[in-house]
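Structure at a glance
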Amino acid sequence: MPTIESLDDAVAAAAFRRLILHLRHRTDAQNVDLMGLAGFCRNCLSDWVEEASAATADPLDKAAARETIYGMPYAVWKAAHQAEATPDQLARMQASVAKNA
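Only a predicted model underlies this, so the values are computations on that prediction, with no experimental measurement involved.

**Some details on the overall build of the protein**
Within the protein, the secondary structure is distributed over 6 helices and 0 strands. Counting helices and strands in the order they occur from the N terminus, the protein gives α-α-α-α-α-α. Projected onto the principal axes, the alpha-carbon positions of the protein cover approximately 40 × 35 × 25 Å. A buried classification covers 24% of the 101 residues belonging to the protein.

**Section: the pattern of salt bridges**
Under the criterion given, the structure shown has 5 salt bridges. Measuring nitrogen to oxygen at the nearest pair gives 3.8 Å for the salt bridge that ties Asp 33 to Arg 92. Here the residue Asp 33 occupies a position in helix 2 (residues 31-38), and Arg 92 occupies one in helix 6 (residues 87-98), the gap between them amounting to 59 residues. Judged by relative accessible area, which is 26%, Asp 33 ranks as partly exposed. As a salt-bridge pair, Lys 62 and Asp 47 come within 3.1 Å of each other at their nearest N and O atoms. One end of the pair, Lys 62, is in helix 4 (residues 62-70); the other, Asp 47, is in helix 3 (residues 42-53), and 15 residues separate them in sequence. Its relative accessible area of 41% is what places Lys 62 among the partly exposed residues. Overall, Asp 47 belongs to the partly exposed group, its relative accessible area being 24%. Shared partners join several salt bridges into a network, and the residues in it are Asp 33, Asp 88 and Arg 92.

**What about the packing of helix 1 (residues 9-25) against helix 4?**
Running from N to C, helix 1 and helix 4 cross one another at 80°; their axes reach a closest spacing of 8 Å. By the angle between their directions, the pair helix 1 and helix 4 is classed as roughly perpendicular. The residues of helix 4 that touch helix 1, namely those facing Phe 16, Ile 20 and Arg 24, are Glu 67, Thr 68, Ile 69 and Tyr 70.

**Examining the state of the cysteines**
With the rule as written, the count across this model stands at 0 disulfides. Free of any disulfide, Cys 44 has its nearest cysteine sulfur in Cys 41, 4.1 Å distant.

**A few points about the side chain of Ser 96**
Position of Ser 96 among the secondary structure elements: in helix 6. Note on Ser 96: relative accessible area 7%, which makes it buried. In contact with Ser 96, other than residues within four places in its own chain, are Met 35, Gly 36, Leu 37, Ala 38 and Gly 39.

What counts and how
Residues numbered from 1 in each chain as written. Predicted model: local features only at pLDDT ≥ 70, side-chain atom pairs only at ≥ 80, totals over all residues. Heavy atoms only, no water. Helix = DSSP H or I, 4+ residues; strand = E, 2+ residues; numbered from the N terminus. Buried < 20%, exposed > 50% of the residue type's maximum accessible area, 1.4 Å probe, protein only. Salt bridge = Lys/Arg side-chain N within 4 Å of Asp/Glu carboxyl O. Axes fitted to C-alpha atoms, helices over the stretch in contact; angles between N-to-C directions. Parallel < 35°, antiparallel > 145°, perpendicular 65-115°, else oblique. Contact = heavy atoms within 4.5 Å. Disulfide = S-S within 2.5 Å.

Read these as layout, nothing more, since geometry by itself doesn't imply function.
Written out as structure tokens, the structure is:
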């Protein structure tokens, strides 16, 4: 059976890019809801990009990594697309994040 480790890097990169483009298109999918369902969100992806880039010749800082994921500065995306989280959303997120440990 194929494993994630045996996946060709070009295939993995193409799938990752498609995921990012999908998330850019689905601005209605709030980060708090992504966290509540899956335990990760756009910010997590940008943190992972930042961490992965640290070992390269051209590391990204947090702002650049977030812009890579959001397609614009994070503050601009947040002002245009992020709604105030409800107590129920926050509770689901906290319960989901607890499963990540």
